[in-house]
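Chain by chain, the residues run as shown.
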There are 2 protein chains.
Amino acid sequence: MHPNLKSKVMSAQEAAALINNGEVIGVSGFTGAGYPKVVPAELAKRGEALRAQGQEFGISLYTGASIGDECDGVLARAGIMKMRLPYQSHTDVRNSINKGTTEYIDMHLSHSARLIRMGFVPKPTVAIVDACEVTPDGKIYLTGNGGNTPTYLLTAERIIIELNTHYGDTLIGSHDIFIPELKGTVPIHFAGDRIGKDYVQIDPAKIVAIVETNLPDSLKAFAAPDDDSNAIAAYILEFLAHERKKGRLPADVPYQSGVGNVANAVLATMAKDPTQAPVALYTEVIQDSVFDILEADKLIIASGASVSYTLDGQEKYKANAYTKGWKNKFILRPQEISNNAEVIRRLGVISMNTALEADIFGHVNSTHVNGSRIMNGIGGSGDFARNCLLGFFMTPSIAKGGKISAIVPMVSHTDHTEHDTMIFVSEQGLADLRGLAPIKRARLIIEKCAHPSYRPLLQEYLDYGLKHSALHAPHTLSKAFDFHKRLMETGSMMG
Amino acid sequence: MHPNLKSKVMSAQEAAALINNGEVIGVSGFTGAGYPKVVPAELAKRGEALRAQGQEFGISLYTGASIGDECDGVLARAGIMKMRLPYQSHTDVRNSINKGTTEYIDMHLSHSARLIRMGFVPKPTVAIVDACEVTPDGKIYLTGNGGNTPTYLLTAERIIIELNTHYGDTLIGSHDIFIPELKGTVPIHFAGDRIGKDYVQIDPAKIVAIVETNLPDSLKAFAAPDDDSNAIAAYILEFLAHERKKGRLPADVPYQSGVGNVANAVLATMAKDPTQAPVALYTEVIQDSVFDILEADKLIIASGASVSYTLDGQEKYKANAYTKGWKNKFILRPQEISNNAEVIRRLGVISMNTALEADIFGHVNSTHVNGSRIMNGIGGSGDFARNCLLGFFMTPSIAKGGKISAIVPMVSHTDHTEHDTMIFVSEQGLADLRGLAPIKRARLIIEKCAHPSYRPLLQEYLDYGLKHSALHAPHTLSKAFDFHKRLMETGSMMG
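Residues numbered from 1 in each chain as written. Chains lettered and ligands numbered in written order. Predicted model: local features only at pLDDT ≥ 70, side-chain atom pairs only at ≥ 80, totals over all residues. Heavy atoms only, no water.

Novice: Got a minute to help me understand the overall build of chain A in this structure?
Specialist: Across its full length, chain A carries 16 helices and 26 strands. On C-alpha atoms alone, chain A measures out to a radius of gyration of 23 Å, which is about the 23 Å that the 2.2 N^0.38 rule sets for 495 residues. Overall size of chain A, expressed as C-alpha extent along the three principal axes, is 75 × 60 × 40 Å. Residue burial in chain A is summarised as follows: out of 495 residues, 65% are buried. Accessible surface for chain A amounts to roughly 16,300 Å². Of this, 52% is attributable to carbon and sulfur atoms. Distance between charge centres in chain A, computed from 49 positive and 53 negative side chains, equals 3 Å. (Helix = DSSP H or I, 4+ residues; strand = E, 2+ residues; numbered from the N terminus. Rg over C-alpha atoms; globule rule 2.2 N^0.38 Å. Buried < 20%, exposed > 50% of the residue type's maximum accessible area, 1.4 Å probe, protein only. Areas by Shrake-Rupley, 256 points an atom, 1.4 Å probe, with all protein chains shown as cover. Lys, Arg positive; Asp, Glu negative; His and termini not counted. Charge placed at Lys NZ, Arg CZ, Asp CG, Glu CD.)

So, in structure tokens, the structure goes:
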């Protein structure tokens, strides 16, 4: 740290004391990478103490996407998180939302920064940002995510920096910070294009505290891909090979893969396949699975909003950043750029995302259980599904030992409409819905993706509609949610 | 016509005889403009005659969007339309779809040409195209629409031209034909940018027939805007003025307005307002209402997929095309460009579209009655709503004398999700949903947009959910479609 900044150094507790009731806090952090790790815990304590004294204390929390327990968890458990956007996946936050303590605005990740800059949700009053470096003239070098951090730094009145030495300088230079205008172009023509600066320039007078840390992102390893994930990955790769053979897929389009096991299984399988050409990722979240591709010498570039590595992954990256030149293989962007409609369309991204449930006519629910209870949020799935060249929605056909079918007559909440979905994949098979009318889609989804134990019930629903409803998309509104009703009443969609 | 083409001239009946059972026909035409007007009637007769003899006869019909009775109506009534895409609004076609005779693929208008070129629906075997001029070296000058016509001309094996003198040469030069690659940029940076050619270049050997006509597009005049339309228009213009004052709206963003009365009322009011600055339209359908803006000297440019003028409007345009220079004020584009995600986002379009029904949490149904019965189709509403800078969904709060509420607890079909809708407007008022969590949205929509006679029922639904459901988006699946069920059982959502 530059000596001129020493005067702003203080403890996490002192920094938290600068935050008052009612503040809107914009934090760095995207899918568990680069969120603040010490000030929030002190803020939670402060809030709890003040509330124990009978004072009101609540804050709004804006992030990039999901963040670690050290921020989301502590603030939710303290009962002081009054509002939250644009994405979360923490059990305690989810519970707080569903019991009505926390108000949650679930947004397309690419939309959130613009809405904030336009002032349609209140601008943050304070930003708390995990950073590798800060200079006296106000250059902030971010850690493992672009997220919404630049917008929070630029719009907040006061800034608290958690100056984190964990990544050393291995992420300095990885960022490409570009803030789009309300209108105008985002001039990325290749996944690896750089169009901005590698730091965020702020007014240094806004920095009110610097708290020194040396803490990793506390991301746990995913379980190894199971049989279902491997089966889904195999169907996808087989289909891509088929499309390429048919001449319907340019060789050089980049990939986006959602978070989790299936995405990891796809990349792992690609890495192992000797016939696989090198790939570029224009994605949202870069996970450990990228290392397989990198070590197989098949990674052209990985562009994303975050490097969401596990603890092992972080050490691996740091060890190889300079010695093997891995630093040059990654670009971190603000999420409004990693998920930008214009760029995704232009590059022809192949997109893979997870569905919570899908219905027989091709609609996808990514967010709500039984129509009301939020799980995580739509995240970037809509940004990619709506604008990609080729899009997959993936899900195991059943959950909870068969008590839940991922394929239902009608989704209880729609996040992706029939007009935007292309390919459904479960461990049972793959359904290419492009160019099919609703009834044909229904037959194909039941045959290819539904679990055999649910096929008769789904077929029965379709057959009833074919007899009693208009024959474009023969729904029966009085029976459309019978699967969900049985689940709520008996604990199983089977009844 | 050039003498070298004379050998291909024949009657409509002779041309129709070239079309066989099972053919896929791609026709010109978008929102009632520039569709073929004489060959389809002969084809319908041929189909009926063959079927009367016990032979099988059916065709698939691809268009740009909705087209006139002379094509959609005659083919549907003849019972030979087996498949239809990507949009229709004709009673006979709709009935044919809902009784299962015609298979219908309802697509985002911007997506259809690409899906066809990629081969995910069969390519047309024959194109029938309304044209102003054709040259011996295969330059086709289109009439009043860009639509999907270039793609049909380029992918069909055989081409039938209806050479139509109605517009004379007043539309020659108006077109800007650009076919985007699977990936790559659409370099429009201003609504008036020209990036292509003013004709479609084909292989002249593919022309199998030229049929001479002199027929207008048979578009009827809309009824004059009623009180509801004027009220909705007034709310929108008041809101835009407010946004501009707040500095949240750049002055030079273009407008898209859907088809019909409200759109006309908005443009008519703009034209009359002395404080209104000149506007550019980057829209889908250019209607007669543009003349008001043009005559008030407030039109910078109108870019669209069609000039869908009424009979009077067509005469007016032709009379003024050269004498008043109106020709230079219009650009006609393929619908994949007029509705292009990348361009709409880049230009910052202000978008106004009609909702069939909307629910209290912000989802919009544009297409289906009671979940099953198709009305028209999603058209371009999703292309614009998803990518615009500011988007309105407009609907009168009730229909059929109050028997139907446009605001319902849960839409029976989702075309636009809560993540993509911004502003709802009815004749009752305007609800700005940006940055609001679901429960706040519900309260605002009930208060501002629902008809007073339905507010208690909607409030009751919300209150019940607030007591019994998870508190993110408190739906009650067993009651979510009670409005629709009552409508189906009693003829009124009121019961």
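Novice: Looking at this structure, how should I read the sheet that holds strand β17 (residues 357-359) of chain A?
Specialist: Hydrogen bonds between backbone groups are what pair the strands of a sheet, and the pairing can be parallel or antiparallel. Residue and element names in this part refer to chain A. Taken together, three strands build an open sheet; the order of strands is β18-β17-β24 and the sheet is mixed. Unpaired on one side and paired on the other, β18 (364-365) and β24 (407-408) mark the two borders of the sheet. Where β17 meets β24, two bridges bridge the pair, whose relative direction is parallel. Each residue of the ladder has a partner; that of Ala358, found in β24, is Ile407. (Pairing = 2+ DSSP bridges.)

Novice: Mind showing me how you'd approach the state of the cysteines here?
Specialist: As used in these notes, a disulfide is a covalent bond between sulfur atoms, one from each of two cysteines. Residues and elements named next belong to chain A. Per the counting criterion, the structure on display carries zero disulfides over all chains. Cysteine Cys71 remains unbridged, with the sulfur of Cys132 as its closest cysteine sulfur at 18 Å. For Cys71, a relative accessible area of 1% translates into the label buried. (Disulfide = S-S within 2.5 Å.)

Novice: Got a minute to help me understand the packing of helix α14 (residues 438-448) of chain B against helix α15 (residues 455-468) of chain B in this structure?
Specialist: The angle between the axes and the distance between the axes are what describe a pair of packed helices. Residues and elements named next belong to chain B. At their nearest, the axes of α14 and α15 sit 10 Å apart, and the two run at 165° to each other. For the element pair α14 / α15, the angle class is roughly antiparallel. Considering how the two elements wind past one another, α14 and α15 form a crossing that is left-handed. Residues Ile439, Ala442, Arg443, Ile446 and Glu447 of α14 pack against Arg455, Leu458, Gln459, Leu462 and Leu466 of α15. A class-by-class count of the residues in the contact of α14 with α15 yields six nonpolar, one polar and three charged. (Axes fitted to C-alpha atoms, helices over the stretch in contact; angles between N-to-C directions. Parallel < 35°, antiparallel > 145°, perpendicular 65-115°, else oblique. Left-handed = near helix turned anticlockwise from the far one by under 90°. Contact = heavy atoms within 4.5 Å. Nonpolar A, V, L, I, M, F, W, Y, C, P; charged D, E, K, R; others polar.)

Novice: Any chance you could explain the interface of chain B and chain A here in plain terms?
Specialist: Accessible area lost upon the coming together of the parts is a frequently used measure of interface size. With 79 residues of chain B in contact, the opposing surface of chain A contributes 79 residues. Area buried by chain B at its contact with chain A is led by Arg345, His419 and Leu477 of chain B, which between them contribute 12% of it. Connecting chain B to chain A are six salt bridges. In this structure, Lys440 of chain A engages Glu103 of chain B in a salt bridge whose closest nitrogen and oxygen atoms are separated by 3.2 Å. Between the two partners, chain B and chain A, sit 34 residue pairs in polar contact (both at pLDDT 80 or more). Contributing elements (two or more residues each) for the side of chain B that touches chain A: α4 (91-98), β4 (103-104), α5 (109-118), α12 (341-347), β20 (373-374), α13 (381-387), α14 and α16 (482-490) of chain B. Classifying every residue of the side of chain B that touches chain A gives 29 nonpolar, 29 polar and 21 charged. (Buried area = accessible area lost by both parts, 1.4 Å probe. Salt bridge = Lys/Arg side-chain N within 4 Å of Asp/Glu carboxyl O. Polar contact = N/O pair within 3.5 Å; in protein donor to acceptor, adjacent residues only side chain to side chain.)

Novice: What is the right way to look at the side chain of His416 of chain A in this model?
Specialist: Residue and element names in this part refer to chain A. Tracing the backbone through its elements, the reader meets His416 in the loop between β24 and β25 (423-426). Under the relative-accessibility criterion, His416 is labelled buried at 2%. One polar contact links His416 to Ser366, side chain to side chain, over a distance of 3.0 Å. Of note is the side chain of His416, whose polar atom sits 3.1 Å from the side chain of Ser381.

Novice: Hey, could you run me through the nonpolar core in this one?
Specialist: Grouped burial of nonpolar side chains is what soluble globular proteins tend to show. Ile140 of chain A together with Phe330 and Phe392 of chain B are the most contacted members of the largest nonpolar core, which totals 92 residues. The contacts of Phe330 of chain B, once residues within four sequence positions are left out, are Ser174, Arg194, Ile286, Val290, Leu294, Ile301, Ala302, Val307, Tyr309 and Tyr317 of chain B. Phe239, Val262 and Ile350 of chain A together with Leu115 of chain B belong to the second largest nonpolar core, which has 91 residues in total. (Core = buried A, V, L, I, M, F, W, Y, C linked by side-chain atoms within 4.5 Å.)

Novice: Can you walk me through the relation of the copies chain B and chain A in this structure?
Specialist: The operation relating the pair of chain copies consists of a rotation about an axis and a translation along that axis. For the pair chain B and chain A, the superposition axis carries a translation of 0.0 Å, the fit reaches an RMSD of 0.0 Å, and the rotation angle comes to 180°. Put plainly, the chains are arranged around a two-fold axis. Rotation axis and chain B: the residue whose C-alpha lies nearest the axis is Glu342 of chain B, separated from it by 2.1 Å. When the interface residues of chain B are mapped onto chain A, 100% of them are again interface residues, pointing to one common binding face. (Least-squares fit on C-alpha atoms with pLDDT ≥ 70 in both.)

Novice: Mind showing me how you'd approach the domain arrangement of chain A here?
Specialist: All names here are of chain A. Along its sequence, chain A is carved into domain 1 (3-213) and domain 2 (227-490). Centre-to-centre, using C-alpha coordinates, domain 1 lies 29 Å away from domain 2. Across the boundary between the two partners, domain 1 contributes 55 residues, which contact 48 residues of domain 2. Each partner contributes to the roughly 3,900 Å² buried at the junction of domain 1 and domain 2, and carbon and sulfur atoms together form 54% of this total. Broken down residue by residue, the surface that domain 1 buries against domain 2 is led by Tyr167, Thr170 and Ala191, which jointly contribute 15%. Across the contact surface, domain 1 and domain 2 share two salt bridges. Taken together, the links from domain 1 to domain 2 amount to 35 residue pairs in polar contact (both at pLDDT 80 or more). No other element matches helix α5 (residues 109-118), which puts seven residues into the side of domain 1 that touches domain 2. When its residues are assigned to classes, the side of domain 1 that touches domain 2 shows 22 nonpolar, 25 polar and eight charged. (Domains from an automatic or database assignment.)

Novice: So what exactly am I meant to see when it comes to the pairing of strand β3 (residues 81-85) of chain B here?
Specialist: On a regular strand, one side chain projects to one face of the sheet and the next to the other, so that they alternate. Residues and elements named next belong to chain B. Buried residues dominate β3, accounting for four of its five residues. Across four bridges, strand β2 (residues 59-62) lies against β3 in parallel orientation. Each residue of the ladder has a partner; that of Ile59, found in β3, is Met81. As defined by bridge partners, β3 adjoins β4 across two bridges and the pair is classed as parallel. Across the sheet, residue Arg84 finds its bridge partner in β4, namely Tyr104. The parallel pair β3 and β4 is bridged by α4, and the resulting crossover is right-handed. (Right-handed = clockwise from strand over helix to strand, strands pointing away.)

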